[in-house]
Every structure is written in C-alpha cells, then in structure tokens.
Amino acid sequence: MSVVLYSADLVLPITAPPIPQGAIAVSGGRIRHVGDRDWVRRELTARGASFTEVHWPGVLLPGLVNAHSHLQYTGMAEVGRGSYRGFEDWAAAFDPVYERGHDWKADADAGARQVIEAGTTAVADIVTDAPAAGVLHDAGLHGITYWEVMSWTNADWAATGRAQVEAALDALPSPPGTGLSPHAPYSLDVEPLLEIPDIVRERGGRIHLHLGEAAFERESGAPHPMPWQERRAGSFRELRGDGFGTGATEFVDQLGVLGPDCHIAHGVYMTARDRALLRARGTSVALCPRSNAVIGLDEPPVAAYLAEGNGIAVGTDSLSSSPSLDLLADVAALHRIARAQGYSDRGLAAQLLRAATLGGAHAMGIDTGPDRTGYLAVGALADLAFIDIPVTTIDDTIEHLATDGAGHAAATVISGGFRHTTPSFTEHTGVSA
C-alpha cells in the first residue's frame, strides 16, 4: 500500500506525550507509525516502504469530535444570533422558525461541511426530521446518528410510539453507528424512557439525551415524606406536580437510562450527587458552553467536573443556539469558565483538548474496536486535524491551541483522505482536498 508521512512541528497524539517534529505514517486509511519524524522515516525505510511526505509547520492532532450537535438546524442561524433569558424564551424564538419549513437535508449537509472545515471528523448528531438522517453517512463523517424521541405520552407510546421509533431507528443509514436520543426527562412520559434503553441495547446502539439543561430539572424543595419511587408517577412533570423535588438525573438513573453506552448533553444544573451518579454509571457529559450562554443558562460546573474526574466531551450544539460549529471555540469557552471557577491545574488546556478528541470518541463508544478514533495511535483511523498556529514551547503552544485555536483549522483528513484544505495549507504543502 502507498504510505503518506504526515509530519508537523508539533504532533499531539493525545494518548502519548506531545512530539516536537513528530510524524505519523498512514496507509489504507489507518495510522501505521507514530513518533519522532526521523525515527518514523527510518522505520519506513528499514521496512522497504516507499512514502511521500507532507510537512505542516504547525500543529497536527486527532480530528476533533463534536459530541453534541443538531446539524439539521444549520439553516436556523437567525435564532442562534439572538440572546435569550432562558430556555422558554429561546424556545419561543426557535419554534416559529422551525415550523415555517426547511430543506432539512440541505441544511444538514451544510452543517457537515462546516464541521469538517473546522477540523471535526466525528459527530454525535441528533436528527428530528427524516430527510436529515443520512448526513453523517453521506458526508463520510464518523460518530453516531441519534434519532430524537420526544413528546410521547405513555398511552400513545404503547399504541403506536414504540413501533414508529423502532422503524425510524432501523431506517438510519450505517455507517456510522446509530442510536436513540430521548430528548429530555421532562419531554417524555415514563414508559418511553423505560423502553428506549432496551430498544437501543437490543441492537447494540447508543443513547444520548439532554440532561441538566433546564433549571427545572435540578433538585428542589424539602424531602417528601414518601419515597418518590413509590409514587409511580407517569412522568417527571407529574412527579414534580405532586411536590417531589427529585432531580432529573436521579429520575432517569432509576429508569435505567444512564450507563456506559449513554452520554448526556449540557449537564449545567447538576449537584455533586448528580455528577457522582454519572461517574458511577460511566456516563460522559458533552459540555456546550456557548449554546448555554446564548440561551441564557448558567455556566456548567466545568471546574467540578474536572476536579472530580467526570468523563467530559465537548459539543457545539446547533446554529440555532450557537455562533458557529467550530468546536475549538467551545474549548476556549470552557477554558475561560474553568479558570473563573477556580480550577488552577496547569494541565487544563491539555485536558480540554483531550475532551474535544478522545473524550468525545469515548462518549460515543468509538474510541475502541477496529474503527477507533479520537487519538493518534497505530491501528486507529487516520482522522487528523492540522491547525495553523505557531509552534513555540510545547506548553505555550497547547495553551494557545486551547484558548485561541478557533478559526485556525488548516486541513482535515478523514480515514486517510483530505476532506478540506485552506489556501495556506496548500501553499505550504502542495496538497489540496
């Protein structure tokens, strides 16, 4: 097989130390060697492998992994350009724009192009309308396509809901992987929340839901004299209406939703006990700080997630609630929030870059197996992002990448093939997508 040697002034494997003047060898869409540039060249020569080299005078890292997005809402950027006073205020702006009709496939395709141009190679994409269901498949992006499930009552679910959702799930194109996204604890009754995990797990798929995004979900009020599980409420809203202050995280945990095959989005309104539940279940959280700011929510407890050892990933959400689909802009926002919340660890930048790559892959379960991604290691898919920032010291470069990397993706490679290059990249390397 033909071999391409990608070298850069700084290579960030994520699961190994940074490599100044590093290189990776790629053939057949996979990584064959990772290490010091001179060493990789010698290894290839010793094995009799002919190769061509592409050198980038900047940073090379794994392709970014966007762990929460709705690409079909790319055409709703007018909503995301607003500023809101909370979830209900944002929903009042979102709903009429959604209802007036869109070419969901074209909008999703446009979103896919935007994430690729920002250095992203894998996405957790939530789909609400069937025309957008094939976007990851058609774009050749890795990740998981999640069919969104919302607004089902217990009675309607039993009558027609389960059959409809199973049919929609089975119709999702693959690759990539597929799953279901029960929208939120407050938008579904108990029966669908109980059965959705079984539907997914029978098929070996994934689960992803919004959790802790609305202030309504957090624990509230004094303890109720009756254990809430004995109430047998038909929904989370019904439980709250009866005076139980149970938080949404505990509620969905009791229904069996959480687990290592599930990750959540937002996690803003989470107590220490909620965060401990996520850790106990092996459930990661995709943090979307710019979306939270647009909607008018509180900032997520980034410092607590980091200090306590929760699995974190990074998501942009959609253009209906975020300024762009550039994941590094959310990394920068998380960096600022963590410092403002008192997180002083010198390795913060590296931790957040890990969250934006391996953390997202782990959240979706695509960090293991034959098609693993999210890091640079032998056997992994050759999913790469080249970033146009100057390389100085290792620590300073990583800090610069985490705080000011947005808008500087120079090229994106998916499964060994160039999918996007900027004029700057072509000028320096002679390669164009």
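Our subject in this report is the structure included herewith. Please read these numbers as outputs of a predicted model, since none were measured by experiment.

### What about the pattern of salt bridges?
Across all of its chains, the model carries 21 salt bridges by this definition. With a shortest N-O distance of 2.8 Å, Glu219 and Arg273 are connected by a salt bridge. One end of the pair, Glu219, is in the loop between β9 (206-211) and α8 (228-231); the other, Arg273, is in helix α11 (residues 272-281), with 54 residues separating them in the sequence. Classification of Arg273 by relative accessible area gives partly exposed; the value is 49%. Through salt bridges with shared partners, one network takes in Arg162, Glu166, Asp170, Glu195, Glu202 and Arg203.

### Quick look at the packing of helix α14 (residues 327-340) against helix α15 (residues 348-364)
Two elements in contact, α14 and α15, have axes separated by 10 Å at closest approach and are oriented at 140°. On the basis of their axis angle, the class for α14 and α15 is oblique. Along this stretch, α14 crosses α15, giving a crossing that reads as right-handed. Contacts from Leu327, Leu328, Val331, Leu334, His335, Ala338 and Arg339 in α14 reach Leu348, Ala349, Leu352, Leu353 and Ala356 in α15. Tallied by class, residues from the contact of α14 with α15 come to 10 nonpolar, 1 polar and 1 charged.

### Structural notes on the pairing of strand β3 (residues 30-36)
The pairing of strand β2 (residues 19-27) with β3 spans 6 bridges and is classified as antiparallel. Within β3, the residue paired with Ala23 across the bridge is Gly35. Where β2 folds back on β3, the antiparallel hairpin that results is connected by 2 residues, among which Gly28 adopts a positive phi of roughly 60°.

### So, the sheet that holds strand β6 (residues 120-127)
Taken together, the 8 strands give an open sheet; going across it, the order is β5-β6-β7-β8-β9-β10-β11-β12, and neighbouring strands pair in parallel fashion. At either margin of the open sheet sits one strand with a lone partner, and together these are β5 (64-69) and β12 (312-314). Taken over all neighbouring pairs, the strand axes of this sheet differ in orientation by 25° on average, direction set aside. As defined by bridge partners, strand β10 (residues 262-266) adjoins strand β11 (residues 284-287) across 3 bridges and the pair is classed as parallel.

### Comments concerning the packing of helix α6 (residues 154-171) against helix α7 (residues 190-202)
Where α6 contacts α7, the two axes come as close as 11 Å, and the packing angle between them is 25°. Between α6 and α7, the interaxial angle falls into the category roughly parallel. Considering only the axes of α6 and α7, their crossing is right-handed. Seen from α6, the contacting residues are Asn154, Trp157, Arg162, Glu166 and Leu169; seen from α7, they are Val190, Glu191, Pro192, Glu195, Ile196, Ile199 and Glu202. Per-class residue counts for the contact of α6 with α7 are 6 nonpolar, 1 polar and 5 charged.

How each quantity is defined
Residues numbered from 1 in each chain as written. Predicted model: local features only at pLDDT ≥ 70, side-chain atom pairs only at ≥ 80, totals over all residues. Heavy atoms only, no water. Salt bridge = Lys/Arg side-chain N within 4 Å of Asp/Glu carboxyl O. Helix = DSSP H or I, 4+ residues; strand = E, 2+ residues; numbered from the N terminus. Buried < 20%, exposed > 50% of the residue type's maximum accessible area, 1.4 Å probe, protein only. Axes fitted to C-alpha atoms, helices over the stretch in contact; angles between N-to-C directions. Parallel < 35°, antiparallel > 145°, perpendicular 65-115°, else oblique. Left-handed = near helix turned anticlockwise from the far one by under 90°. Contact = heavy atoms within 4.5 Å. Nonpolar A, V, L, I, M, F, W, Y, C, P; charged D, E, K, R; others polar. Pairing = 2+ DSSP bridges.

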